[in-house]
Structures are given as C-alpha cells and as structure tokens.
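Breakdown of the fold
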Amino acid sequence: MDKKLYLMENEDEIKRLELKTESRAIEEQARWAGLKPGMHVADIGCGTGKTTFILHSLSQPGGKATGFDISEERLNFAKEKYNIEGIEFKTFNIIEPFPEEYKFDFIWIRFILEYYRKEAFDIVKNISNAIKPGGILCLIDLDYNCLNHYGLSKRLENTLFKAIKLLEEKANFDPYVGRKLYSFLYDLGYTDIEVEVRAHHLIYGEIKEKDEFNWFKKIEVIFTGNIPNDKLINYYINSDIFVIPSLEETFGIPLVEALALGVPIVASDGSKYKEFFIPFNEIGRDLVIYFDPYSEVDLAEKMIYALKNKNEIRKMLKDKIDEIKNTYSIKNIARQLIHEFNNIKI
Ligand SMILES: C[S@@+](CC[C@H](N)C(=O)[O-])C[C@H]1O[C@@H](n2cnc3c(N)ncnc32)[C@H](O)[C@@H]1O
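Here's what I pulled together on the structure shown here.

**A closer look at the site of the ligand**
Of all residues adjacent to the ligand, which total 20 residues, the nearest are Tyr6, Gly45, Gly47, Ile70 and Arg110. Residues of the shell around the ligand, tallied by class, amount to 11 nonpolar, six polar and three charged.

If you want it as structure tokens, here you go:
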C-alpha cells in the first residue's frame, strides 16, 4: 500500500505531530483506559514516537512499549529521539494482518482510524487478535471532526461541510469515526466496554502557535505574494497541477504559460456563464479540465481528478506543447496584431 494514501502525509508531518501531541492528554486518557505499570504496550500508528514514549513511561516499572507505523521517515525519527531501553519501533501497515508473534497487554490506537473509513472495523478486528487474555484495547478518535466551529459565516460553514464530505467520499476520511468506536468493540464481542467523550480541539480566545500550525497543515494554503518574473517558471514546473478559478479575465496569460510548460490545468468553464468574460475555453480547448466556477465541489472534484491523473495528462500535453508555443509566440501574436491594425479603416 502506498503510504501517500495517509491523508496528512507531507514534509512537515513530523513537526506537526511533535507539536500537537500533548503529554497531559495522553497520560489522562491512558490512565483512564487502565494502563498500569508492568504492561507491554502497543502504540499503533505511533507517528514520531512521542506517544509511545509517554505510554512507556506510564508502564514503568517493568513495562515495555512497541510503536508501529507505516512511515519509515517517522520511525527513523522515533528511533533517534525516543531511543531508550524498553521501547522499540517497527514498520507495520495496519491494512495487513498483524504479525502473529506479537501479543500485548494494552493496545492503543489513536487518530488513525479516521483515515480509513472503509477499513476501520477490519483494522480493529485484526489488531484485536494481538491482545493477551484480560488485556485492554483502547480506541481513541475524533468525532464531527473539523465540523464543529462556533461563529462561522454561513458560507464558510457550508464550504467546510462540503470539503469534509468530499474527503469522506473521495479520500476514505471518516469525520464521524468517534461515534462508531463503541459499536466496533460491541460487534467484536467485547462485553466490558467503557466510553468517554471529551473535547479535543477546544480552541477559544487567542489561538496558540501550535494550534495554528496544526490547523494550517489541515487546510494548507500558502500565500506567496508577488513572484518575480524570473522565478515564476520554477513555480509552474514544480506544480502538480495549475488551477485558474477566475470569474473574469481579459486574456489568461498564466493559462498559456502553464500549458506551454505542460502542467495539468483546471480552469473555470467560461462557456457556463456568458455574462462574464472567461476566455479559457478558447485558449485551452480540450487540453484543460474545466469546472463550474460557482461550484466549490466541482472545483474540488476536478482538482482531485487532475491530481490522480496528472502523469497521463502531462503525457497528453507533451505532444501539444510546440503547437501551443507556436500559436502564442510573441512573433505570431505580433504578426496578428499588425494584421488587425492594417485592417482598421479610418
Ligand atoms: C495522526 S498520526 C497519529 C499519531 C499518534 N497515534 C497520535 O495519537 O498522535 C497517524 C499516524 O498513523 C500512521 N499511519 C497512517 N496509515 C497507516 C497505515 N496504513 N499503517 C500504519 N500506520 C499508518 C501515519 O504514518 C501517522 O504517523
């Protein structure tokens, strides 16, 4: 399985997890769930190992902790930073069967089931086999994730709902996994089940730096400001896709630039709203993926489509690049302008 399927995968994920993981919350949750000294603990989806380290300390004296994760990068970080006696880190993909040789007194699965809407129950079932008789399986996850904010404008609220719905449908994300945890355990035949509901992202007043970073990483937009002309080409060639969502344009030079560099493009469909001047269909013809400029859902769907098919789109554009460069070359445009000027009748 491609680890990129983990929705939050990005180069800052180690930093995000290290910043946002709160020792006090983990200690409270683990003690409440029954973690005691001497236990052998498994931390599934251990990330940077910070949680494993805290769980290990709560299992002292006499306990051990093993952190499992799919990301080699985070496991390497964990092995460096939390390298103490009694802790080990292992590569494991939760979609695959849990190795038979592992048995634990306490298994902790926090903030990972939400990324596996379709497989969540089977994951719990699979890992549940690794609990020693009388052991504890502790499932912690979010519910109504990203949806519960007070004081949003109607438009922002609607957009958030639609964005999360899309992640649910297209990215296997489950914003409602929290409420399902009890039924997972019940359906697996557990009888001694305890449930506790707590506020997790309780943010009010001035936002703390770590919360701000965490939320920016969830919905990441970088405002570059003005990019000098000589640097512009780097932005185009390093982009996976180029999106031009304008409602009105005089021409669309960025569209031509992106086309000439073979970047997959998602652009406003100018044929839909004739009252605005959006010349993209004429320039981009069938080389561009168009979306309804008044539908954020259509925009998101077309972006996901372009991202998923970016290699094929690049191949298709490669054969057309010379034609585009020729059509919009300075020489050609100048020739056409001269022709137009010569035809003006005074
Ligand atoms: C949001 S972090 C949770 C970290 C930690 N459990 C916590 O509570 O803060 C999710 C972790 O699950 C890991 N993960 C995602 N998909 C996985 C998979 N298929 N198998 C194993 N680990 C996975 C990611 O690499 C990431 O480190």
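**Considerations on unusual backbone geometry**
Residue proline 61 follows glutamine 60 across a cis peptide bond; omega there is 0°. You will see that phenylalanine 111, though not glycine, has its phi angle at about 55°, which is positive. On the secondary structure map, phenylalanine 111 appears in the loop between strand E4 (104-110) and helix H5 (120-128). Although it is not a glycine, tyrosine 144 sits at a positive phi angle of roughly 60°.

**A short note on the nonpolar core**
In this structure, Val41, Ile44, Ile107 and Trp108 are the most contacted members of the largest nonpolar core, which totals 46 residues. A per-element tally of this core places E4 first, with five residues. The contacts of tryptophan 108, once residues within four sequence positions are left out, are Ala30, Val41, Ala42, Asp43, Ile44, Leu55 and Cys138. Phe242, Ile265, Ile283 and Tyr290 belong to the second-largest nonpolar core, a separate cluster that totals 20 residues.

**Details of the sheet that holds strand E2 (residues 64-69)**
Pairing is parallel in the open sheet, where five strands are placed in the order E3-E2-E1-E4-E5. The open sheet is flanked by strand E3 (87-91) and strand E5 (131-140), the only strands paired with a single partner. Averaged over all pairs of adjacent strands, the angle between their axes in this sheet comes to 20°, without regard to strand direction. Across five bridges, E2 lies against E3 in parallel orientation. Across the sheet, residue aspartate 69 finds its bridge partner in E3, namely threonine 91.

**Focus: the sheet that holds strand E6 (residues 242-244)**
Ordered in space as E6-E7-E8, the three strands form an open sheet in which the pairing is parallel. Of all the strands in the sheet, the pair left with one neighbour each is E6 and strand E8 (289-291). Going from strand to strand, the sheet's axes swing by 20° on average, the running direction of each strand aside. As paired strands, E6 and strand E7 (residues 265-268) are joined by three bridges and run parallel to one another. Of the residues in E7, the one forming a bridge with isoleucine 244 is alanine 267. Strands in contact with helix H10 (residues 253-260) are E6 and E7; relative to E7, the strand with the most contacts, it is inclined by about 160°.

The rules behind each value
- Residues numbered from 1 in each chain as written.
- Predicted model: local features only at pLDDT ≥ 70, side-chain atom pairs only at ≥ 80, totals over all residues.
- Near = placed C-beta within 6 Å.
- Nonpolar A, V, L, I, M, F, W, Y, C, P; charged D, E, K, R; others polar.
- Helix = DSSP H or I, 4+ residues; strand = E, 2+ residues; numbered from the N terminus.
- Core = buried A, V, L, I, M, F, W, Y, C linked by C-beta atoms within 7 Å.
- Buried ≥ 20, exposed ≤ 12 C-beta atoms within 10 Å, placed from the backbone.
- Contact = placed C-beta atoms within 7 Å.
- Pairing = 2+ DSSP bridges.
- Axes fitted to C-alpha atoms, helices over the stretch in contact; angles between N-to-C directions.

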